[in-house]
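# A look at the structure
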Amino acid sequence: FGSRNLLGSSFHNGIDLGNSYGTSIYASDGGTVTYSGWMSGYGYLIIIDHGNGYVTYYGHNSSLLVSVGEHVHKGQQVARMGSTGVSSGNHCDFRIQLNGTFLNPLNYL
């Protein structure tokens, strides 16, 4: 989370959690899936609205296991790790928003 010098200087609004291709990705909390599909640099992306101002993003997946409108519970598998979109290896780009502002996920893990 923060400034980085990859592909030019940029600010990264999330953290990258690396692991093997196909590793299970789980919802950090319960909520409703508001996006499940391909989105530009994110590749295959899941977005979950937790209904309390918090929204979480799970990007660069190899496959998606939930659909828009589906209610998910905390700890439910929602995707499998991959390297889709703008990515240099298998990882999950995990982001947290509160009322539209990205927060450092490390403060919540």
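Use the structure listed above.
Residues numbered from 1 in each chain as written. Predicted model: local features only at pLDDT ≥ 70, side-chain atom pairs only at ≥ 80, totals over all residues. Heavy atoms only, no water.

### Here's the deal with the nonpolar core
Side chains of nonpolar character tend, in soluble globular proteins, to be buried together. This is how it is decided: Within this scheme, the nonpolar core is defined by two criteria: the residues are buried Ala, Val, Leu, Ile, Met, Phe, Trp, Tyr or Cys, and they are joined through side-chain atoms within 4.5 Å. A 1.4 Å probe rolled over the protein chains alone gives each residue an accessible area, and that area as a share of the maximum for its type sets the label: buried under 20%, exposed over 50%, partly exposed in between. The criterion used for residue contact is that any of the two residues' heavy atoms lie within 4.5 Å.
Formed by 15 residues in total, the largest nonpolar core has its most connected members in I25, I46, I48, Y58, V72 and V78. Setting aside chain neighbours within four positions, we find I48 in contact with A27, G31, T32, V33, Y54, V55, T56, Y58, V72 and V78. Residues Y42, L45, V55 and Y57 belong to the second largest nonpolar core, which totals five residues.

### Some points on the pairing of strand β5 (residues 31–39)
Operational definition: One bridge is not enough; two strands pair if DSSP finds at least two bridges between them. A run of H or I in DSSP becomes a helix once it reaches four residues, and a run of E becomes a strand once it reaches two; helices and strands are each numbered from the N terminus.
One ladder, built from two bridges, connects β5 with strand β8 (residues 71–72); its direction is antiparallel. Residue T32 lies in a different strand from β8, and its bridge partner there is H71. For β5 and strand β6 (residues 43–49), the ladder comprises seven bridges, and the chain directions are antiparallel. Note that in β6 the partner of T32 across the bridge is D49. Counting the residues between successive antiparallel strands, the hairpin from β5 to β6 contains three residues, one of them, S40, with a positive phi of roughly 35°.

### Brief notes about a nonpolar patch on the surface
Threshold: Like charges within 9 Å and nonpolar side chains (Val, Leu, Ile, Met, Phe, Trp, Tyr) within 5 Å are joined into patches, using only residues over 30% in relative accessible area that form no salt bridge. We get accessible surface area from the Shrake-Rupley algorithm with a probe of 1.4 Å; when it comes to residues, only the shown protein chains can shield them. Note on definitions: salt bridges are taken to be side-chain nitrogens of Lys or Arg within 4 Å of carboxyl oxygens of Asp or Glu.
Together, L17, L106 and L109 give the surface a local cluster of nonpolar side chains, amounting to about 320 Å² of exposed area. Relative to the helices and strands, L109 is located in the segment after β11 (101–103).

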